[in-house]
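A look at the structure
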Number of protein chains: 6
Amino acid sequence: MPTIAIYPGSFDPITNGHVDIIQRSLKLFDRVIVAVTQNISKHPFLPVAERILLLSRITEGMEQVRVTSFTGLLVNFARRLEAQVVIRGLRAVSDFEFELQMALTNRNIDPELETVFLMPSGRFIFLSSGLVRELWQLGGPFEKYVPEVVADHLRRMPRVVEGNDPG
Amino acid sequence: MPTIAIYPGSFDPITNGHVDIIQRSLKLFDRVIVAVTQNISKHPFLPVAERILLLSRITEGMEQVRVTSFTGLLVNFARRLEAQVVIRGLRAVSDFEFELQMALTNRNIDPELETVFLMPSGRFIFLSSGLVRELWQLGGPFEKYVPEVVADHLRRMPRVVEGNDPG
Amino acid sequence: MPTIAIYPGSFDPITNGHVDIIQRSLKLFDRVIVAVTQNISKHPFLPVAERILLLSRITEGMEQVRVTSFTGLLVNFARRLEAQVVIRGLRAVSDFEFELQMALTNRNIDPELETVFLMPSGRFIFLSSGLVRELWQLGGPFEKYVPEVVADHLRRMPRVVEGNDPG
Amino acid sequence: MPTIAIYPGSFDPITNGHVDIIQRSLKLFDRVIVAVTQNISKHPFLPVAERILLLSRITEGMEQVRVTSFTGLLVNFARRLEAQVVIRGLRAVSDFEFELQMALTNRNIDPELETVFLMPSGRFIFLSSGLVRELWQLGGPFEKYVPEVVADHLRRMPRVVEGNDPG
Amino acid sequence: MPTIAIYPGSFDPITNGHVDIIQRSLKLFDRVIVAVTQNISKHPFLPVAERILLLSRITEGMEQVRVTSFTGLLVNFARRLEAQVVIRGLRAVSDFEFELQMALTNRNIDPELETVFLMPSGRFIFLSSGLVRELWQLGGPFEKYVPEVVADHLRRMPRVVEGNDPG
Amino acid sequence: MPTIAIYPGSFDPITNGHVDIIQRSLKLFDRVIVAVTQNISKHPFLPVAERILLLSRITEGMEQVRVTSFTGLLVNFARRLEAQVVIRGLRAVSDFEFELQMALTNRNIDPELETVFLMPSGRFIFLSSGLVRELWQLGGPFEKYVPEVVADHLRRMPRVVEGNDPG
């Protein structure tokens, strides 16, 4: 039976660290489903449809990969797709306890779904989507932290104009 | 002189981990005051009045327990009630530094008020109100993490309908 | 060549811990530029202009110090001022990884800009602007954690009236 | 090509947490090699040969598993066995940085060898071989933390007699 | 029924932080048993008998306190003394996970024995017996970190003469 | 007055991470004293004299640097050399609390001596002398983590032969 793994995340935007994790997971699992979470409670940076589009272009040519999005419980989504594995990237200590909590909760709901943690390349240990968004907003060199198609996309996006502080 | 302890928190909603801490504290202190903080700056999940009602039903029959709410400084509230002890549950490393900061600040304001940390049962180490809220919102099995009266209450609450992502 | 150091922060409000770091940095560097970040995405407690005013009064008589504000990338601001050093105060583990991330990112953009971490006095290890804001809001004794001019300023500010909880 | 994974460790002694990780890894990889490290610098609790024997009995009937030991560099050992994956259990924050360091170093030496982190069952989050050794030494109930064959073995081992403290 | 609490530790030597925890626990519990662990596996700095003697002098006049030592399992010792509570001081994050592990293990063995964590005064957050031993060995000002009787005792102890490094 | 900084450490052996910190400190301070601690309680890997020799060769041509060793209290040594600053490298969270403790203790003894933390290059975040020793012992590629003269020296050192495990 082929091993199907889900790599869930907000990917807002996708960074080189995400791409690194996807590539590592291809060596371990037969199929990898990159699944964008539709988190309705936050103001997204990029709409979900654009994130899916960017992910699809980046993973073009990776035949084991499929890009999609989901709402609701990850565990239910995994069951529908007959995935046995959830992939998560582990970077810093501050991620670690949250990840442990999520993995234990998911296991509590579905003991058959195994969470597997991979480590990105050392160069990406401190890279996050939040850092990319902040660099982009401040006019910094975000390009070196994201794939070329993401860099292109972000370069064309209008930056919010900083207002005068009325204080 | 009887020892009076305050167990402050947002209890939004109360979880099995909170109940576990309340039961442990009953063995240590003569009176335990469960005190809901009225935090005006956040959007609550349950209104304070409902949280008090749920806590009252859960602690029904625990004669040492009294449920109430407070605004303003915890230290002032403790002084009015002649409480000598503040109870806090300790779970993860990420809680720890925040709890240390709060305890040191409270001690700075009133050196007589002692903060005592208890540890919930191992099963509840990674349980939080936030996790319950997220499971409830996503249609997950929140019931196993909360007392029965809370589960009943949450089952009857209308869930926010997830809109279509316009992106 | 004189060593010019930037001490960036939101200083909202400035605490005794910030003042402690400024005084320590004066022994190490020829010039210290205290630079208020204009973060447009957050609701500030004090407007940037008031923070600059308060910092100016507190550092009055410290001839090596200059107070200013900046928008955009810290690295670009440092280059314009010909600063070689960024000063950051290190308190708790929870700060630590974020600070490491910022320092590595800044170094990535400008390898010549060195981040130097100083440790505030042990008394201020758990002090933060957020703690001061919370004490102020709740009517607590915020005065002992801030310089006298800040205490004066905060005492004169109207406190937000707590509404009745409709729950 | 079948995926071969190595699960290295001192297993001194093997605990229920180790067995849990082995069982989880069987669902993910075609072959799992449990490899006892021969660490010459420490005083072992059990000799390596006994650890191998105990592991062999515990994994009897698990056809995908092979038990062995190795000296020298893990990366070289993995190459000889044509293993593509190293399995590590992740429990507490205190493990985490050490594990990150080891995984990054191994990757530095052999970029093809991927380290995969699994999480033991929540019941075993705080279980370690050191805890079992201490309980055994102090006459405590170590049996509930180890497989039955390990419990049998430890029950038959002579305990070091505590001498009189000459102070 | 009076609440009996055990404060176990190596107290090698006792520091001002230990005394602070003892004093705090007196306000919470009817009787406090300070119990020196006889750890045979380590080279002690002071013999157990001297540690008991010093603790007895320091707690002279504290009528609720009794000083003793124990071997074997803390849980068994607590049961013999009919103690319901174990007291532990919590200082740094690095202590925290170890303390959680010990408390969960003790609870696993005896669910009736509750571990209660107290926080020493902020001045003692980074103070440990190891620090005192190192300062003493290096000829540093250890006196400000220990009670006067301990300082006296350590001043009279012969310091190990540092040999010439043959390298 | 020139700023004199001490960079104390065991440097056993010196790694590329240490060299990186030395180079960064040269941009900040007028004189940098690299000071090998003579720790009598541990079995050193390299004798102190060899560590001094290697450090001297590595820092040859860095005119601001002086290499030496010291015994006793760092604070006393700093005073004798009229140094105002102690330099420490900060890598991981696990270092952090220990470093904070040492810095606060040193400041307690001599409030004039300031500890300054620098961050090594991201490539060296997880590099330590212990890692180099382990790689060397196991026959791994230690050379990429140390300066060329250290690699030469270690290559010529006889490796301890691994004995047969008698178990």
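Here the structure is a predicted model, which is why all the values come from computation and not from measurement. (Residues numbered from 1 in each chain as written. Chains lettered and ligands numbered in written order. Predicted model: local features only at pLDDT ≥ 70, side-chain atom pairs only at ≥ 80, totals over all residues. Heavy atoms only, no water.)

**Examining the overall build of chain A**
Scanning chain A from terminus to terminus reveals six helices and five strands. Tracing chain A from N to C terminus, the helices and strands come up as β-α-β-α-β-α-β-α-β-α-α. Relative to the globule expectation of 15 Å for 167 residues, the C-alpha radius of gyration of chain A, 17 Å, shows essentially globular dimensions. Overall, chain A is about 60 × 40 × 30 Å in size when its C-alpha atoms are taken along their principal axes. Looking at chain A as a whole, 59% of its 167 residues are labelled buried. The contacts in chain A between residues at least 6 apart in sequence include a share of 76% that link residues at least 24 apart. Approximately 7400 Å² of chain A is accessible, and the part contributed by carbon and sulfur atoms is 50%. A distance of 2 Å separates the average location of the 18 positive side-chain charges in chain A from that of its 19 negative side-chain charges. (Helix = DSSP H or I, 4+ residues; strand = E, 2+ residues; numbered from the N terminus. Rg over C-alpha atoms; globule rule 2.2 N^0.38 Å. Buried < 20%, exposed > 50% of the residue type's maximum accessible area, 1.4 Å probe, protein only. Contact = heavy atoms within 4.5 Å. Areas by Shrake-Rupley, 256 points an atom, 1.4 Å probe, with all protein chains shown as cover. Lys, Arg positive; Asp, Glu negative; His and termini not counted. Charge placed at Lys NZ, Arg CZ, Asp CG, Glu CD.)

**Focus on the pairing of strand β4 (residues 85-89) of chain D**
Residue and element names in this part refer to chain D. When strand β1 (residues 4-9) meets β4, the two strands line up parallel, connected through two bridges. Following the sheet pairing, Ala5 is matched in β4 by Val85. Looking at chain direction, β4 and strand β5 (residues 114-118) are connected through five bridges and run parallel. Residue pairing in the sheet places Ile87 in a bridge with Val116 of β5. For the crossover that starts at β4, traverses helix α4 (residues 93-109) and ends in the parallel β5, the hand is right-handed. (Pairing = 2+ DSSP bridges. Right-handed = clockwise from strand over helix to strand, strands pointing away.)

**Re the relation of the copies chain B and chain A**
By a simple turn and slide, chain B fits onto chain A: the slide is 0.0 Å along the axis, the RMSD is 0.0 Å, and the turn is 120 degrees. Both copies are brought into coincidence by an operation consistent with a three-fold rotation axis. Minimal C-alpha separation from the rotation axis in chain B is found for Ser94 of chain B, amounting to 4.3 Å. (Least-squares fit on C-alpha atoms with pLDDT ≥ 70 in both.)

**What to know about the interface of chain D and chain A**
On the side of chain A, 27 residues touch chain D, which itself brings 27 residues to the contact. Residues Arg24 of chain D and Glu114 of chain A are paired through a salt bridge, measuring 3.0 Å at the closest nitrogen-oxygen approach. Contributing elements (two or more residues each) for the side of chain D that touches chain A: α4 and β5 of chain D. The element best represented in the side of chain D that touches chain A is α4 of chain D, accounting for seven residues. Here the residues of the side of chain D that touches chain A are counted per class, giving 17 nonpolar, three polar and seven charged. (Salt bridge = Lys/Arg side-chain N within 4 Å of Asp/Glu carboxyl O. Nonpolar A, V, L, I, M, F, W, Y, C, P; charged D, E, K, R; others polar.)

**A short note on the packing of aromatic side chains**
Applying the stated rule across the entire model yields 21 aromatic pairs over all chains. Taken together, a centroid distance of 4.6 Å and an interplanar angle of 10 degrees make the contact between Phe70 of chain A and Phe77 of chain A stacked. In this structure Phe70 of chain A comes out as buried when scored by relative accessible area, which is 6%. A ring pair is formed by Phe96 of chain B and Phe96 of chain E, whose centres lie 4.8 Å apart and whose planes are at 25 degrees; its orientation type is stacked. With one member in each of two chains, Phe96 of chain B in helix α4 (residues 93-109) and Phe96 of chain E in helix α4 (residues 93-109) form a pair that bridges those chains. Across this residue pair, the class does not change: Phe96 of chain B and Phe96 of chain E are buried. (Phe/Tyr/Trp six-rings, centres within 6.5 Å; stacked < 30°, edge-to-face > 60°.)

**A closer look at the pattern of salt bridges**
Summed over the entire model, instances satisfying the criterion amount to 60 salt bridges over all chains. Here Glu99 of chain A makes a salt bridge to Arg88 of chain A, at a shortest N to O gap of 2.6 Å. With Glu99 of chain A in helix α4 (residues 93-109) and Arg88 of chain A in strand β4 (residues 85-89), the pair connects residues that are 11 residues apart, well separated along the chain. For Asp110 of chain D, the salt bridge goes to Arg79 of chain D, with nearest N and O atoms at 3.5 Å. One end of the pair, Asp110 of chain D, is in the loop between α4 and β5; the other, Arg79 of chain D, is in helix α3 (residues 74-80), and 31 residues separate them in sequence. On the basis of relative accessible area, Arg79 of chain D is assigned to the partly exposed category, the value being 47%. Residues joined in a network through salt bridges with shared partners are Asp20, Arg24 and Lys27 of chain A together with Arg107 and Glu114 of chain D.

**Observations concerning the interface of chain B and chain A**
On the chain A side, the residues contacting the 15 residues of chain B number 16 residues. In total, chain B and chain A occlude about 1500 Å² of area from one another, counting both sides; carbon and sulfur atoms represent 61% of this. Viewed at the interface, chain A and chain B are joined by zero salt bridges. Scanning the region where chain B abuts chain A turns up four residue pairs in polar contact (both at pLDDT 80 or more). At the level of elements, α4 and α5 (129-137) of chain B are the ones that each hand at least two residues to the side of chain B that touches chain A. Looking at the side of chain B that touches chain A residue by residue, the class counts come to eight nonpolar, four polar and three charged. (Buried area = accessible area lost by both parts, 1.4 Å probe. Polar contact = N/O pair within 3.5 Å; in protein donor to acceptor, adjacent residues only side chain to side chain.)

**Digging into the confidence of the model for chain A**
Mean pLDDT for chain A: 91, with 93% of residues reaching 70 or above. Both scores are given for the predicted complex: the pTM is 0.92, the ipTM 0.91. (pLDDT = per-residue confidence, 0-100.)

**Re the packing of helix α2 (residues 48-58) of chain D against helix α6 (residues 148-156) of chain D**
The packing of two helices is summarised by the inter-axis angle and the distance between the axes. Put simply, α2 of chain D and α6 of chain D touch, their axes get as near as 9 Å, and they point 145 degrees apart. Taking contact as the criterion, the partners of Glu50, Leu54 and Ile58 of chain D in α2 of chain D are, on α6 of chain D, Val149, Val150 and His153 of chain D. (Axes fitted to C-alpha atoms, helices over the stretch in contact; angles between N-to-C directions.)

**Thoughts on the relation of the copies chain D and chain A**
You can overlay chain D on chain A at an RMSD of 0.0 Å; the transform is a turn of 180 degrees with a shift of 0.0 Å along its axis. Such values leave the two copies arranged in the relation of a two-fold axis. Judged by C-alpha distance, Phe117 of chain D is the residue of chain D that lies nearest the rotation axis, at 2.4 Å. Mapped onto chain A, 100% of the interface residues of chain D are again interface residues, and the two copies thus contact each other with one and the same surface.

**Examining unusual backbone geometry**
The peptide bond linking Asp12 of chain B to Pro13 of chain B adopts the cis configuration, its omega dihedral lying at 0 degrees. The residue Pro13 of chain B is located in the loop between β1 (4-9) and α1 (16-26) in this model. Even without being glycine, Glu82 of chain D reaches a positive phi, approximately 60 degrees. Mapped onto the elements, Glu82 of chain D comes out in the loop between α3 and β4.

**Some remarks on the pairing of β5 of chain D**
With five of five residues buried, β5 of chain D lies mostly within the body of the structure. Burial along β5 of chain D is two-sided: Glu114, Val116 and Leu118 of chain D and Thr115 and Phe117 of chain D, pointing in opposite directions, are all buried.

**Considering α5 of chain B**
What α5 of chain B keeps buried is the set Ser129, Leu131, Val132, Leu135 and Trp136 of chain B. Buried residues of α5 of chain B fall within an arc of 160 degrees about the axis and therefore sit on the same side. In this structure, the buried residues of α5 of chain B make contact with α4 of chain A together with α1 and α6 (148-156) of chain B. Note on α5 of chain B: the residue one or two positions beyond its end, Gly139 of chain B, has a positive phi of about 80 degrees. (Arc of directions from axis to C-beta.)

**Quick look at the environment of Ala83 of chain D**
Residues and elements named next belong to chain D. Along the polypeptide, Ala83 turns up in the loop between α3 and β4. Between the alpha carbons of Ala83 and Arg31 there is a distance of 9.0 Å; along the sequence they are 52 residues apart. Contacts of Ala83, omitting those with residues within four sequence positions, involve Ile4, Ile6, Ala78 and Leu113.

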